[in-house]
Amino acid sequence: MPPIAVADPLLAVVLVLVGAGTALARAWIAHRTAVRKEEEHTERTRLAVIGSVSEHRAAVVRACAQLEAAGRTVSTGRRRPRSP
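Residues numbered from 1 in each chain as written. Predicted model: local features only at pLDDT ≥ 70, side-chain atom pairs only at ≥ 80, totals over all residues. Heavy atoms only, no water.

What about the overall build of the protein?
A count of helices and strands for the protein gives three helices and zero strands. Across the 84 residues that make up the protein, the buried fraction comes to 8%. (Helix = DSSP H or I, 4+ residues; strand = E, 2+ residues; numbered from the N terminus. Buried < 20%, exposed > 50% of the residue type's maximum accessible area, 1.4 Å probe, protein only.)

This is the structure:
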């Protein structure tokens, strides 16, 4: 069986372009997801800080960071196995 590039050069080019397009789309989606998560985190922190007194703002930001970190560890997208 001959390689695809020898059998049909147009098919080989199309396959390479589809693969490159898929990789580009995945990278773009991952980037936009990361940007959106950061924007949401910043907005939540900003809203929390607005309602606080200036002496307590550092504590509020620390608490927001701890909540964000706790939320990331739980939401991995995988289901936990059931305990017996």
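Structure shown, so let's carry the discussion forward.
Quick look at a nonpolar patch on the surface
On the surface, Leu-10, Val-14 and Val-18 cluster together to form a nonpolar patch covering roughly 280 Å² of accessible area. Examined against the element boundaries, Val-18 turns out to sit in helix H2 (residues 9-50). (Patch = residues over 30% accessible without salt bridge, like charges linked within 9 Å, V, L, I, M, F, W, Y side chains within 5 Å. Areas by Shrake-Rupley, 256 points an atom, 1.4 Å probe, with all protein chains shown as cover. Salt bridge = Lys/Arg side-chain N within 4 Å of Asp/Glu carboxyl O.)

A closer look at the pattern of salt bridges
Enumeration according to the criterion identifies four salt bridges in this entry. We note a salt bridge from Glu-43 to Arg-46, for which the minimum N-O separation is 2.6 Å. Residue Glu-43 and its partner Arg-46 are located together in helix H2, separated by three residues, close to a single helical turn. Between Arg-44 and Glu-68 there is a salt bridge, and its shortest N-O distance comes to 2.7 Å. With Arg-44 in helix H2 and Glu-68 in helix H3 (residues 57-74), the pair connects residues that are 24 residues apart, well separated along the chain.

Here we look at the side chain of Glu-68
For Glu-68, a relative accessible area of 19% corresponds to the buried category. Of note is the side chain of Glu-68, whose polar atom sits 2.7 Å from the side chain of Arg-44. With residues up to four places along the chain from it excluded, the contact list for Glu-68 reads His-41 and Arg-44. (Polar contact = N/O pair within 3.5 Å; in protein donor to acceptor, adjacent residues only side chain to side chain. Contact = heavy atoms within 4.5 Å.)

As for the confidence of the model for the protein
Taken as a whole, the protein shows an average pLDDT of 83; of its residues, 79% reach a score of 70 or greater. Here helix H1 (residues 4-7) stands out as the least confident element of the protein, with mean pLDDT 62; H2 is the most confident, with 92. (pLDDT = per-residue confidence, 0-100.)

Quick word on the side chain of Thr-45
Considering the arrangement of structural elements, one finds Thr-45 in helix H2. Classification of Thr-45 by relative accessible area gives buried; the value is 13%.

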